[in-house]
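Spelled out from the first residue to the last, the chains are:
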Amino acid sequence: MSHGVLAVGVVVLLASGNVWHLPAYVDLRAGQDRPRSRRPAAAAVLTAWGSAALTLLLLLMPVAPVVAALPAVAGTTAVVSLTVQARLRRGQEQREEEARWSTLFPVRTGGPAGTTEDE
């Protein structure tokens, strides 16, 4: 497959990608207004689209396909790392939120649901 065909495919992919990379950019710009887990997730999205754009530029140049694949491999590695980091932070946030709610509404232990201790 020629570089031109691959480049056209990547251009179509990048053109449709504004649905993902624009909200991710907004999440990064919002900073402390968003949960901590959304920032690495947004960085992962922008890294993925950035590596796709760099791969597109290299596909348009007369370079070896191996050289054009390097940004894609590096970007994929970074995206996986950021995604794992975001999921770990999200799990931590969920545990913190559950702890907050459990102090407000403690879980009842005892008899079957719907019964009271007066009966």
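Owing to the predicted nature of the structure, the values given are computational and were not obtained by experimental measurement.

**Student:** I'd like a description of helix α4 (residues 65–104), backed by residues and values.
**Tutor:** Over its 40 residues, α4 extends 58 Å from the first C-alpha to the last, a length consistent with the 58 Å expected when each residue adds 1.5 Å. The complete set of buried residues in α4 reads Ala68, Pro71, Gly75, Val79, Leu82, Ala86, Gly91 and Glu93.

**Student:** Which residues make up the packing of helix α3 (residues 38–60) against α4, and what values do they have?
**Tutor:** Where α3 contacts α4, the two axes come as close as 8 Å, and the packing angle between them is 175°. As the angle between them shows, α3 and α4 are arranged roughly antiparallel. The segment α3 lies against α4, with Pro40, Ala41, Ala43, Ala44, Thr47, Ala48, Ser51, Leu54, Thr55, Leu58 and Leu59 engaging Val67, Ala68, Pro71, Ala72, Gly75, Ala78, Val79, Leu82, Thr83, Gln85, Ala86 and Arg89. Counted by class, the contact of α3 with α4 contains 16 nonpolar, six polar and one charged residues.

**Student:** Break down the packing of aromatic side chains for me, citing the residues and quoting the values.
**Tutor:** In the structure shown here, the tally under the stated rule is one aromatic pair. Seen in terms of ring centroids, Trp101 and Phe105 are 5.9 Å apart; in terms of plane orientation they differ by 10°. Their pairing is stacked. Exposure remark for Phe105: the relative accessible area of 55% places this residue in the exposed category.

**Student:** With reference to specific residues and values, describe the nonpolar core.
**Tutor:** One finds Ala7, Val10, Leu14, Trp49, Ala52, Leu56, Leu58, Leu59 and Ala68 forming the largest nonpolar core, which totals nine residues. When residues of this core are traced back to their parent elements, those giving at least two are α1 (3–16) and α3.

**Student:** Break down a nonpolar patch on the surface for me, with residues and values.
**Tutor:** A cluster of nonpolar side chains, contributed by Leu54, Leu57 and Leu60, occupies part of the molecular surface with about 290 Å² of accessible area. Tracing the chain through its elements places Leu57 in helix α3.

**Student:** Which residues make up the side chain of Thr55, and what values go with them?
**Tutor:** Among the structural elements, Thr55 can be located in helix α3. Of the polar contacts made by the side chain of Thr55, one reaches the backbone oxygen of Ser51; its length is 2.7 Å. Setting aside its immediate chain neighbours within four residues, Thr55 contacts Ala68, Pro71 and Ala72.

Conventions adopted
- Residues numbered from 1 in each chain as written.
- Predicted model: local features only at pLDDT ≥ 70, side-chain atom pairs only at ≥ 80, totals over all residues.
- Heavy atoms only, no water.
- Helix = DSSP H or I, 4+ residues; strand = E, 2+ residues; numbered from the N terminus.
- Expected span 1.5 Å × (residues − 1).
- Buried < 20%, exposed > 50% of the residue type's maximum accessible area, 1.4 Å probe, protein only.
- Axes fitted to C-alpha atoms, helices over the stretch in contact; angles between N-to-C directions.
- Parallel < 35°, antiparallel > 145°, perpendicular 65-115°, else oblique.
- Contact = heavy atoms within 4.5 Å.
- Nonpolar A, V, L, I, M, F, W, Y, C, P; charged D, E, K, R; others polar.
- Phe/Tyr/Trp six-rings, centres within 6.5 Å; stacked < 30°, edge-to-face > 60°.
- Core = buried A, V, L, I, M, F, W, Y, C linked by side-chain atoms within 4.5 Å.
- Patch = residues over 30% accessible without salt bridge, like charges linked within 9 Å, V, L, I, M, F, W, Y side chains within 5 Å.
- Areas by Shrake-Rupley, 256 points an atom, 1.4 Å probe, with all protein chains shown as cover.
- Salt bridge = Lys/Arg side-chain N within 4 Å of Asp/Glu carboxyl O.
- Polar contact = N/O pair within 3.5 Å; in protein donor to acceptor, adjacent residues only side chain to side chain.

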